[in-house]
Amino acid sequence: QNKLAVVTAIQVSTQSENDDFVLEDVPHLTNYLPDLPAYPNPLMKSQAYSIVKKNFVSPEDVVAQNVVIQKESPRGVHFRRAGPREKIYFEPEEVRACIVTCGGLCPGINTVIREIVCGLNIMYGVQDILGIEGGYKGFYSKNTLMLTPKVVNYIHKRGGTFLRTSRGGHDTHKIVDNIEDRGINQVYIIGGDGTHKGASLIYEEVKRRGLQVAVAGIPKTIDNDIAVIDKSFGFDTAVEEAQRAIDAAHVEVESVENGVGIVKLMGRYSGFIAMYATQASRDVDCCLIPESPFYLEGRGGLFEFIEERLKENGHLVIVVAEGAGQEYVAAEGHAAGKKDASGNKLLLDVGPWLSDKIKNHFTMFRKMTVNMKYIDPTYMIRAIPSNASDNIYCTLLAHGAVHGTMAGYTGFTVGPVNSKHAYIPIARVTERQKTVKLSDRMWARLLASTNQPGFVASDQ
Ligand code: ATP
Ligand code: MG
């Protein structure tokens, strides 16, 4: 029996080594340009790096997407490890970099901008860094400013984006014309899924024209809905700030009779903020997210649960993600189908809808008065500066992007995969959105801690 076990183990490892290793590589400028510059990395001379035991990341190093490998499961997808390379593609004095920020606000954008500028300047000696103002359209509306470590020194203390942002206005040809006209050879694009779709088009057009321009994305989304990477920047800060809204709702409802608090949090398609804020707070009785359909009436529905909690505790707090229950709000005749300038579907406001539904149900059908306290902290959360852990994370992202472009990689985005930073082909993060998996343990933990209904109808 022992022998059999050994043989099985060997078979698994042999199979893993040969058959099922997939490298999702990112393009390198030398892939489509004939010459292969390989300058020594100036970090070799830096004192900080001389004390690091292993200074440079080998271009052969990879990061595994799956770290838990079950018996006989394939080793699966790997990505190039991020970090400084011994040989770099660009001569620092020839670099003309630009940074642009697009889409909605998120804590930490300014830290990323600051650290791209400082990383390029201090680590590599790059002097020529442009800030493109007001999102993609800033490329062709000629709004730019020179960025130096001095200019960006304090910006991480402030929320928002120092470069301002916008939705819509992506015109690939005009943008690449402008990149060419200005002699830019490194483009750093900070934004979410839409921005990355735009970045991918820019990369393709740059490649088509045969330009020596590296295009790097830095994923930004407060909702944490970017695929592949462990977590997006600003998410920790958002969860922390959401506690303040939940605490306020809890204090309010504890102080009155039949207090019902509703806190609406961000999460258009993914309920990560709502789920983590609920788990962190422990004062939330029920968390509603887009991934988990819920219903109001009947056995096992939300109204029944609210009534039970009010009888038990005299109050309750509900956290609802903005994308939850959209089908109900739309079904009640609220205008659906509108889009923003970037073409994203505008969501209907579930918060006031849910508040009204609960109030009406208890007053009209249960002859109970509920004291409703509704809080929507969205803009307060989006606008704050990033917290300490996000600041460190933003720095790693920015430096990862700088090391990657200096080494000549392009068409990539950067982020941690199983806590190791990696270069990920842009298409991998735009092809799908990350959502809460109801079959995962985190959601099970939440259900166990709130003891809320699973909203599974009796016939399912
Ligand atoms: P978030 O959703 O987190 O606010 P986002 O990057 O998804 O961030 P969007 O407003 O959707 O925000 O897009 C930002 C920019 O990307 C806009 O300027 C928009 O024109 C551009 N963009 C969006 N989708 C595409 C696409 N499919 N192709 C090219 N450009 C796009
Ligand atoms: Mg988006």
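Before reading on, note that the structure itself is shown above.
Residues numbered from 1 in each chain as written. Chains lettered and ligands numbered in written order. Predicted model: local features only at pLDDT ≥ 70, side-chain atom pairs only at ≥ 80, totals over all residues. Heavy atoms only, no water.

Peer 1: Please provide a residue-by-residue account of the overall build of the chain, values included.
Peer 2: Each helix and strand in the chain was counted, giving 15 helices and 16 strands. At 25 Å, the chain has a C-alpha radius of gyration in line with the 23 Å of a compact globule built from 460 residues. Seen along its three principal axes, the alpha-carbon backbone of the chain occupies a region of about 80 × 70 × 40 Å. By the burial criterion, 52% of the 460 residues in the chain qualify as buried. By sequence separation, contacts in the chain at least 24 residues apart represent 79% of the contacts at least 6 residues apart. Here the chain has roughly 21,000 Å² of accessible surface; of this, 51% comes from carbon and sulfur atoms. Of note, the chain has its 50 positive side-chain charges centred 2 Å away from the centre of its 52 negative side-chain charges. (Helix = DSSP H or I, 4+ residues; strand = E, 2+ residues; numbered from the N terminus. Rg over C-alpha atoms; globule rule 2.2 N^0.38 Å. Buried < 20%, exposed > 50% of the residue type's maximum accessible area, 1.4 Å probe, protein only. Contact = heavy atoms within 4.5 Å. Areas by Shrake-Rupley, 256 points an atom, 1.4 Å probe, with all protein chains shown as cover. Lys, Arg positive; Asp, Glu negative; His and termini not counted. Charge placed at Lys NZ, Arg CZ, Asp CG, Glu CD.)

Peer 1: Any details on the sheet that holds strand S11 (residues 259-265)? Residues and values, ideally.
Peer 2: Across the sheet, 4 strands lie side by side as S12-S13-S11-S14; this open sheet has parallel pairing. Whereas interior strands pair on both sides, the edge strands pair on one side only; in this sheet they are strand S12 (286-288) and strand S14 (371-375). Taken pair by pair, the neighbouring strands of this sheet meet at an average axis angle of 15°, ignoring direction. Sheet topology places S11 next to S14; 5 bridges connect them, and they run parallel. Bridge pairing in S14 links Val263 to Ile375. Each of S11, S12 and strand S13 (315-321) touches helix H9 (residues 302-313); the most contacted strand, S13, lies at about 145° to it. (Pairing = 2+ DSSP bridges. Axes fitted to C-alpha atoms, helices over the stretch in contact; angles between N-to-C directions.)

Peer 1: Please set out the site of ligand 1 residue by residue, giving values where relevant.
Peer 2: In the vicinity of ligand 1, 20 residues are found, and the nearest of them are Gly104, Gly168, Asp193, Thr195 and Ser342. With respect to ligand 1, the backbone of Gly168 contributes an N or O atom lying 2.7 Å from an oxygen atom. Protein coverage of the free-state accessible area of ligand 1, which is 630 Å², stands at 83%. Among the detected pockets, ligand 1 sits in the largest pocket. Taken together, the residues of the shell around ligand 1 sort by class into 3 nonpolar, 12 polar and 5 charged. (Near = heavy atom within 4 Å. Polar contact = N/O pair within 3.5 Å; in protein donor to acceptor, adjacent residues only side chain to side chain. 1 Å grid on protein atoms, 1.4 Å probe; cavity = no way out; pocket = protein on both sides within 12 Å on 5 of 7 lines; lining within 4 Å. Sits in = over half its atoms within 2 Å of the grid points. Nonpolar A, V, L, I, M, F, W, Y, C, P; charged D, E, K, R; others polar.)

Peer 1: So what's going on with helix H8 (residues 272-281)? Residues and values would help.
Peer 2: In terms of residue burial, H8 counts as a mostly covered element, since 8 of its 10 residues are buried. The inward-facing, buried residues of H8 contact helix H7 (235-254), S11, S12, S13 and helix H15 (441-450). Among the residues trailing H8, Arg282 stands out with phi positive, at a value near 65°.

Peer 1: Give me the layout of surface pockets: which residues, what numbers.
Peer 2: In this structure, the largest pocket encloses a volume near 1,200 Å³. Lining the largest pocket we find 47 residues, and of these Gly104, Arg167, Arg268, Asp340 and Asn344 sit closest to its centre. Put simply, the parts of the chain that give the lining of the largest pocket at least two residues each are helix H6 (193-208), S11, helix H12 (378-382) and helix H14 (426-430). In terms of residue count, the dominant contributor to the lining of the largest pocket is H6 (6 residues). Looking at the lining of the largest pocket residue by residue, the class counts come to 16 nonpolar, 16 polar and 15 charged. A volume near 820 Å³ is recorded for the second largest pocket. (Points joined across faces, edges and corners; volume = space filled by probe spheres on them.)

Peer 1: I'd like to hear about the packing of H8 against H15, residue by residue, with values.
Peer 2: Remark: H8 packs on H15, axes separated minimally by 10 Å, with the N-to-C direction vectors making an angle of 45°. Classed by the angle they form, the pair H8 and H15 counts as oblique. For the crossing formed where H8 meets H15, the hand is left-handed. Contacts between H8 and H15 pair Met275, Tyr276, Thr278 and Gln279 from the former with Met442, Trp443, Arg445, Leu446, Ser449 and Thr450 from the latter. When its residues are assigned to classes, the contact of H8 with H15 shows 5 nonpolar, 4 polar and 1 charged. (Parallel < 35°, antiparallel > 145°, perpendicular 65-115°, else oblique. Left-handed = near helix turned anticlockwise from the far one by under 90°.)

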